[in-house]
Structures are given as structure tokens and as C-alpha cells.
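Given next are the chains, with one letter for each unit.
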Amino acid sequence: MADRYLRFTGTAPGRFLTRRLGLPRPAPLHRWSPERPSLDGPLLRLTVAAPCPGLAGVLNRTGPPVRTEHREGDGTAGTGHRGTAPYAAVVVDATGVDGPDALHEVHAALHPVVRSVATGGRIVVLGTAPGPADHHRAAAQQALEGFVRSLGKEIGKGCTVNLLRLDPGAEGTAALGAAAAAAESTLRFLLSPKSAYVSGQPITVRADVVGADGADGPEGPQPAGAGGPTDGASDGAAATDWTRPLAGTTALVTGCARGIGESVAETLARDGARVVCLDIPSAEGELAALAERLGGTALPLDITAPEAADRIAAAVPGGLDILVHNAGITRDRRLANMAADRWDQVIDVNLGSVLRVTDRLLKAGAVRRGTGRIIATASIAGIAGNAGQTNYAASKAGIIGFTRSLAPRAAAEYGVTVNAVAPGFIETKMTAAVPLLIREAGRRMNSLAQGGLPVDVAETTAWLAQPASGGVNGQTVRVCGQSLLGA
């Protein structure tokens, strides 16, 4: 559904009224398209304290021209000043921050720069995962999360701000460099138009990735670049076709006849995957049309059926690389008015089927070791709750628990990663039916002051599905424009 307010604020009268009345002024977001596949402008890399080994090489491969110094007037071209073009992105390497004094340097680095970030630009702060070994360092690194969340809420202009934590798993610069190499797919995502609706999020990348041969952990395969030149292109990076990172993979998406699931299937196919499209038998017509358009296969199936996992395994005799649990329903009522069948239906479709199908496919070896990626759809409702949706919120919170618990064991036992996406207010036919005032509140109650699109969820899913994203495991990534709910 069209966001008329967003369009109005882009007009001269709209800009005048929103300024005078103090109303939200959302900026149109730059999303990926074949015509504009990357951000426009240079990338500024700033370093606080000690530099992260290997980061320079990774950033040099992401596309935008990299600068390492900000001078007065830089980033101000087009604003009445003679300077360079505004920064498409700023990356702050804060992996060396180890105490309160170093936090001063974070302020010193970004304070003169923040006004020079382009509309729709990106700020990514790199830190390390807080650990028990050094409480001073842990406090300073945790402080970065509060900093990032706050900056995301104040920067405006359609910009996003995210925290990327590197978890080297061991002491030393070599381990930190390995974590930086494992983070390349994540940095490419966060520094691209594909992450337009992801903001205020902490994302952790481990050095001990789930690799191409399926091993995991410190004794498994080292990430591409570990042990090699810290700033050069790694073999793994060189071998990845970043325009089609899913080429040669097989994906199955549940609930994909329409809405978010349809967009996920389209995006995975765009990135090179062969997609098996699954939805209920009553949606077979839409499902078949989608599969034909994508060159995939339609699988009309009730995901709650006892034989669902066996049917899926039979449909992909060569195995699955990507399993996307997107099927979901709502049966809204306040608890006092909710019949047991409405509760049971939502729990079974949204959570029970995910548990059953995942367990059986893993045990059957139907999800390929090494490249296997399981991505489940949670919801902001599972984080913040929602009146009238106790059943739905419970099911989606359950998905978050499923992800957190299964991820380390799935990596160790099956060579498979497990992650979740948690959409906020997404413009779909379902949200278009919401009463106007509630719909407008849902749209504006986030840092970007607008609703997301199904493709925003799809792009996040596609990033998590990449073979190169094996260092991301057990994460629930919110695709909500930094919603004020549950923040």
C-alpha cells in the first residue's frame, strides 16, 4: 500500500509543514536495484586505538572508494561548500577500544563526520564481542551498543547505524584478522542498499565459521584469509561471485505464494539459487505461477502435516542448502476471548511445524553439511509483545528461542547455521487491512519513520543464506527500521 505521508513530506508544502509542526520527515530509502546496485559516494574508514588486522583489505573489496582521513569541508559538496562528495558510508574500527578513555576517541572520530554522511548513508561500528576475561574492555565494548542504538535514532536522513561485533574465539591479531575475513559478507550487506531497513542492530560474526566442508569450531577449517596476508584478498573472497552468491545452491521457502515469502523466493533466485516453493494446497495456482517465473519447483503442502518433512526430503533428493521457515498465520483475539483452537493453530503452524520439520531434515541429512543455512521468520511481536496477539507473539518468541538453542549444536553436529529474521512493520496486504491510525503509528514508530517492504526481509534472508555467511550463527536480526518497540 502506498505511503502517502512519505510522498507528501517530499513536496515543498510537506517539508514546510513537517518542519513547523515537528512531524517525522522520512527520507525515501535507496534499496537495491539493477540500476543502482551500490551506495553512491566514498567510504570513510576511521580507526580508534589499534587497527583490526585484515579490515582494510575487506573494505577495499566492497566496492566504494575508501578514504582513511576526514578533513574540514570533506563530505560537504552540494551544500554550499567546496568539498568532497558526502560519504556513502563510514566504518569506525573500534575493535581496539578497551576502556572509557578509548570511548572518547569514538566521539572524536565521529563527531566531525556525522553531518557529512549522505542521505541514505551507512555507519558501521566494528567492535569485539564482550567477554569475561577483561571487565574494563567488556564495559567499553558494550558501551558501543548503546552508542550505536542512540545514534541510529538521531541521525535521520534515511541513514542506518549498526554494530558489527567480531568474535575471534582466541587471543591475538591472527584470530581477530580471521574474524574480519569471516565478516566480509556481512560488511557487504551492511554497506549496500540491501540493508536499507536494518538499523540499530548488533550483529556478531565468529572466526570459526561453518565452512564449505562442514567442519566447525577452532579445529575446523579456518576462514578464508586466516593465516594469509592480513590486507590481501583471500582465496575464499576471490572465489565468491558476489553478484550471484547463491549460485549452485538449492533453497526451499515455506509460505511463499505471496507477501514476504514470495519476495524471499524471488531474491534467492536472483542471487542464483534454485528455489523450491512451498505453500498450502489451496494456493497451488499462485505457487505454480511463482515457481515457473523463477525457474523453480512448486511443492503444494500443508507444512503441519505429519509427512511434511518426508515430502520435502523427497522433493530435494540432492539435499538442501537453504531452508527458510516463512509460513505463518495469525488468529488474533485478546486472551480472554481466544478459543483454544485459535491458540493451537497459530502455535502449530508458526512454531511446532518449524521444530518438527527442522529436526527430521537434520537427522535425515537433508540439509547439506557446510553450506546448510536455516533461516526462520520471527517477528518484532515476539520481542516486544502485541495486544491481541498472545498466540502469535508466543510463537514468534519461540522461534527466537529455537534459533538461540539449536544454532551451536546444529553447527557442531551437522555443519549447519541457524538464524532468524524479525520483521517489524512491513507493507503487505495484511498490514494494508489494519485501521488507518494504527497503520500510521506502526509506520512511524521507528528510526526511519516508515514501513519496510517485503524485499527488506528478503535481502536480509539472502545474506544469511550465503555460503560466505558461515560466521553468523544463532542471531536474530531485526528488520524493523530500528523499531521503538522492544528497543
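Residues numbered from 1 in each chain as written. Predicted model: local features only at pLDDT ≥ 70, side-chain atom pairs only at ≥ 80, totals over all residues. Heavy atoms only, no water.

A. Here's a closer look at the overall build of the chain. A tally of regular secondary structure across the chain gives 17 helices and 13 strands. Computed over C-alpha atoms, the radius of gyration of the chain comes to 22 Å, within 12% of the 23 Å expected from 2.2 N^0.38 for 487 residues, which places it in the range of a compact globule. C-alpha extents for the chain along the principal axes are approximately 65 × 60 × 45 Å. Looking at the chain residue by residue over its 487 residues, the buried ones come to 54%. Look at the contacts in the chain between residues 6 or more apart in sequence, and 73% of them connect residues 24 or more apart. Working note: accessible area of the chain is about 20,300 Å², and carbon and sulfur atoms make up 55% of it. Within the chain, the 44 negative side-chain charges are centred at a point lying 8 Å from the centre of the 47 positive side-chain charges. (Helix = DSSP H or I, 4+ residues; strand = E, 2+ residues; numbered from the N terminus. Rg over C-alpha atoms; globule rule 2.2 N^0.38 Å. Buried < 20%, exposed > 50% of the residue type's maximum accessible area, 1.4 Å probe, protein only. Contact = heavy atoms within 4.5 Å. Areas by Shrake-Rupley, 256 points an atom, 1.4 Å probe, with all protein chains shown as cover. Lys, Arg positive; Asp, Glu negative; His and termini not counted. Charge placed at Lys NZ, Arg CZ, Asp CG, Glu CD.)

B. A look at helix α12 (residues 340-363). Spanning 24 residues, α12 covers 32 Å between terminal C-alpha atoms, matching the ideal 34 Å at 1.5 Å per step. The largest bend in α12 comes to about 45 degrees, at Asp 348. Of all the positions in α12, only Val 346, Val 349, Asn 350, Leu 351, Gly 352, Ser 353, Val 354, Val 357, Thr 358, Leu 361 and Leu 362 are classed as buried. Contacts made by the buried residues of α12 are with α11 (308-315), β10 (322-325), β11 (372-377), α14 (390-414) and β12 (416-423). Remark: Gly 365 follows α12 within two positions and exhibits a positive phi of approximately 70 degrees. (Expected span 1.5 Å × (residues − 1). Bend = angle between axes of the 7 residues up to and from the residue.)

C. Region of the structure containing unusual backbone geometry. Although it is not a glycine, Ala 49 sits at a positive phi angle of roughly 65 degrees. Locating Ala 49 in the fold gives a position in the loop between β1 (43-47) and α3 (55-60). We note that Gln 482 has phi near 60 degrees; this positive angle belongs to a residue other than glycine. Relative to the assigned elements, Gln 482 resides in the segment after β13 (476-479). When its relative accessible area of 2% is taken as the criterion, Gln 482 is described as buried.

D. Structural context of the sheet that holds strand β6 (residues 202-206). Read from one edge of the open sheet, six strands run β2-β1-β3-β4-β5-β6, paired in parallel fashion. The strands lining the two open edges of the sheet, one partner per strand, are β2 (66-67) and β6. Pairing geometry for strand β3 (residues 87-93) and strand β4 (residues 117-128), over six bridges, is parallel. Looking across to β4, one finds that Val 91 is bridged to Val 124. (Pairing = 2+ DSSP bridges.)

E. A look at the nonpolar core. If you look at the biggest cluster of nonpolar residues, it comprises 63 residues, and the most contacted ones within it are Leu 164, Leu 166, Leu 187 and Leu 268. Examining the composition of this core, we find that six residues originate from one element, helix α17 (residues 454-465), more than from any other. Ignoring anything within four residues of it in the chain, the contact list for Leu 187 reads Leu 55, Val 58, Leu 59, Val 124, Leu 126 and Leu 164. If you look at the next biggest cluster of nonpolar residues, it comprises 33 residues, including Leu 362, Ala 376, Ala 410 and Ala 422. (Core = buried A, V, L, I, M, F, W, Y, C linked by side-chain atoms within 4.5 Å.)

F. Representation of the packing of helix α9 (residues 259-270) against α17 within the structure. Contact pair α9 / α17: the axes reach a minimum separation of 8 Å and the direction vectors enclose 45 degrees. Comparing the axis directions of α9 and α17 gives the class oblique. As for the relative orientation of α9 and α17, their crossing is right-handed in sense. Residues Gly 259, Ile 260, Ser 263, Val 264, Thr 267, Leu 268 and Arg 270 of α9 pack against Pro 454, Val 455, Val 457, Ala 458, Glu 459, Thr 461, Ala 462 and Ala 465 of α17. (Axes fitted to C-alpha atoms, helices over the stretch in contact; angles between N-to-C directions. Parallel < 35°, antiparallel > 145°, perpendicular 65-115°, else oblique. Left-handed = near helix turned anticlockwise from the far one by under 90°.)

Don't take any of this as a statement about function, it's just geometry.
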